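# A structural walkthrough
Here are the chains, one letter per residue:
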Amino acid sequence: MLPTAVSARAPGRVNLIGEHLDYNGGRSLPIAIDLATTATVTRSADGRTRCRSSAETPGWTAYVTGVLAALEVTEPLHVTITSDLPIGAGLSSSAALECSVALAVNDLLGLGRSRSELVQACVRAETEYVGVPTGGMDQTTSLYADAGAALLLDFADDSRTPVPFDPSDAGLTLLVIDTRVSHALVDGAYAARRADCESAAKHLGIQHLASATADQIEGLPGGRIGRRARHVFTEQARVRAYVDAVAADHWQTAGTLMTASHESLRDDYEVSCPELDLAAGTATALGALGARMTGGGFGGSAIALAPSDLLERIRNGVAAAFADNGHDAPTFYEVEASRGAEVLSAT
Ligand code: GLA
């Protein structure tokens, strides 16, 4: 017997390193965090699909209807959303919404889709129905992450390798600094970066830019396209080095790589903004081992890998720097590698 009501929970994510590499056939190293969205889905008694949410933001129902369309669901449903994941903070609230709905509907209607099929449906919802050509890192993390481990995602062969990640053993905390500036992915800047990379790959005659060699990158014409390609190339190398550093407990090296990633995203990929630069720069100046923007950029959140005994000083210092520069107060979250999406109840 199929259930009549299903609740499923899907978390947001923080990408440790490997930014803007998913759609370039490269590698990313995200963790799921313990902030999540829950979808409760029932069959509709009135013949109409209805969506309700505890936090309504313009356009949010497109993510739900996009998932239903991608899963080829025609039956009318009632979808109720609750969430403690901040929206527009660069922590993947949209992927969490998509994945919670997909998982609940899959169970409610007995669709029998695998998690990888659900990832694909959620990515299609975002690219085809919402109109942001994202790369799949967020949905894969939300549906596949495990507590205690980051996921090394390789978009060249679609593999997922857990990488144990627990900086607390070394007296460190991963601090999220939400700048509260909303990123503008739908405004085309994200799509423009993706188009730049595709044109660099085309110029080199390769399918994905992340597979380019050092010589190929150096041979590209300078200017904007060259800078975008340089980010992709250097970030790929940083992901490899970061995985090795974490495995060897070389946290200082990991921090240095995070800061280098931020600089590359700021200068070569040009997806940072003054608030993200201030958050990352202030955290590092006050003793974090490293800090960087995380996610698509243009606002959203930075992450800092910081000695736990310096957290208060860092939080106060970042808040003071934001006030001095006339920015709204940032919000802080301490996060750790948390579990992925799950069905909470089916009745
Ligand atoms: C957003 C997209 C992801 C990824 C990141 C940048 O979060 O949804 O697919 O491209 O930006 O790494």
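Here is what the cut-offs are and how they apply
Residues numbered from 1 in each chain as written. Predicted model: local features only at pLDDT ≥ 70, side-chain atom pairs only at ≥ 80, totals over all residues. Heavy atoms only, no water. Helix = DSSP H or I, 4+ residues; strand = E, 2+ residues; numbered from the N terminus. Buried < 20%, exposed > 50% of the residue type's maximum accessible area, 1.4 Å probe, protein only. Contact = heavy atoms within 4.5 Å. Areas by Shrake-Rupley, 256 points an atom, 1.4 Å probe, with all protein chains shown as cover. Pairing = 2+ DSSP bridges. Axes fitted to C-alpha atoms, helices over the stretch in contact; angles between N-to-C directions. Near = heavy atom within 4 Å. Polar contact = N/O pair within 3.5 Å; in protein donor to acceptor, adjacent residues only side chain to side chain. Salt bridge = Lys/Arg side-chain N within 4 Å of Asp/Glu carboxyl O. Patch = residues over 30% accessible without salt bridge, like charges linked within 9 Å, V, L, I, M, F, W, Y side chains within 5 Å. Lys, Arg positive; Asp, Glu negative; His and termini not counted. Charge placed at Lys NZ, Arg CZ, Asp CG, Glu CD. Right-handed = clockwise from strand over helix to strand, strands pointing away. Domains from an automatic or database assignment. Nonpolar A, V, L, I, M, F, W, Y, C, P; charged D, E, K, R; others polar. Expected span 1.5 Å × (residues − 1). Arc of directions from axis to C-beta.

Our focus in this paragraph is the overall build of the protein. The number of helices and strands found in the protein is 10 helices and 12 strands. Relative to its full complement of 347 residues, the protein shows a buried share of 54%. Long-range contacts, defined as pairs at least 24 residues apart, comprise 75% of the intrachain contacts of the protein with a sequence gap of at least 6. Surface accessibility of the protein: about 14,000 Å² in total, with carbon and sulfur atoms responsible for 49%.

Moving on: the sheet that holds strand β4 (residues 50-53). What links the strands of a sheet is backbone hydrogen bonding, and the strands pair in either a parallel or an antiparallel sense. Reading across from one edge, β4-β5-β3-β1-β12 is the order of the five strands in this open sheet, with mixed pairing throughout. A single partner strand is all that each edge strand has here, and the edge strands are β4 and β12 (342-346). With strand direction ignored, the average angle separating the axes of adjacent strands in the sheet is 20 degrees. The pairing of strand β1 (residues 5-15) with β12 spans four bridges and is antiparallel. Along β12, the bridge assignment pairs Ser7 with Ser345.

Glancing now at the site of the ligand. The environment of the ligand is made up of 13 residues, and the closest members are Glu19, His20, Asp22, Asp138 and Tyr190. For the ligand, an oxygen atom lies 2.6 Å from a polar atom in the side chain of Glu19. For the ligand, an oxygen atom lies 2.9 Å from a polar atom in the backbone of Gly135. Considered on its own, the ligand offers 310 Å² of accessible surface; in the complex 97% of this is hidden by protein.

Moving on to the pattern of salt bridges. This structure, assessed with the given rule, holds 20 salt bridges. Salt-bridge contacts for Glu75 lead to Arg43; the nearest nitrogen and oxygen are separated by 3.0 Å. With Glu75 in the loop between α1 (61-70) and β5 (77-83) and Arg43 in strand β3 (residues 30-43), the pair connects residues that are 32 residues apart, well separated along the chain. The class of Arg43 is partly exposed, set by a relative accessible area of 30%.

Quick look at a negative patch on the surface now. Together, Asp166, Asp169, Asp249 and Glu336 give the surface a local cluster of negative charge. Tracing the backbone shows Asp169 in the loop between β7 (159-164) and β8 (172-178).

Within the secondary structure, Val41 sits in strand β3. On the basis of relative accessible area, Val41 is assigned to the buried category, the value being 0%. Placed 37 residues apart in sequence, Val41 and His78 show a C-alpha to C-alpha distance of 5.6 Å. Those residues in contact with Val41 that lie beyond four places of it in its chain are Thr4, Ala5, Val6, Leu77, His78, Val79, Ala104, Val105 and Leu108.

What the four strands build is an open sheet, ordered β9-β10-β8-β11; its pairing is antiparallel. If you trace the sheet from one side to the other, it starts and ends with β9 (290-293) and β11 (331-335), each paired once. If you compare each strand with its neighbour and ignore which way they point, the axes differ by 20 degrees on average. In terms of strand pairing, β8 meets strand β10 (residues 301-307) through seven bridges, oriented antiparallel. Note that in β10 the partner of Val176 across the bridge is Ile303. The sheet strands contacting helix α8 (residues 251-267) are β8, β9 and β10, and the helix crosses β9 at an angle near 35 degrees.

What follows deals with the pairing of β5. Direction of pairing for β3 relative to β5: antiparallel, over a ladder of seven bridges. When the sheet's bridge partners are listed, Arg43 is paired in β5 with Leu77. Looking at chain direction, β4 and β5 are connected through four bridges and run parallel. Pairing of Arg52 across the sheet is with Thr80, part of β5. Once the chain exits β4 it traverses α1 before rejoining the sheet at β5, and the crossover so formed is left-handed.

The domains assigned to the protein are domain 1 (5-165 + 338-346) and domain 2 (167-335). Each side of the interface is counted separately: domain 1 has 32 residues, and domain 2 has 44 residues. Joining domain 1 to domain 2, the criterion identifies one salt bridge. Arg292 is paired through a salt bridge with Glu19; the nearest N and O atoms lie 2.7 Å apart. Across the domain 1-domain 2 interface, the total number found is 16 residue pairs in polar contact (both at pLDDT 80 or more). Those elements that provide at least two residues to the side of domain 1 that touches domain 2 are β1, β3 and β7. When its residues are assigned to classes, the side of domain 1 that touches domain 2 shows 18 nonpolar, 10 polar and four charged.

The next thing to look at is helix α5 (residues 189-204). A turn of α-helix holds 3.6 residues, and therefore any two residues three or four places apart point the same way. Taking 1.5 Å per residue, 16 residues should reach 22 Å; α5 reaches 23 Å between its end C-alpha atoms and fits that length. All buried positions along α5 are accounted for by Tyr190, Arg193, Arg194, Asp196, Cys197, Ala200, Ala201 and Leu204. Buried residues in α5, looked at end-on, bunch into an arc of 155 degrees, giving them a common side. Residues Lys202 and His203 are exposed on α5 and point more than 90 degrees away from its buried face. Elements that come into contact with the buried residues of α5 comprise α6 (214-219) and α7 (223-247). Following α5 by one or two positions, Gly205 has its phi on the positive side, about 70 degrees.

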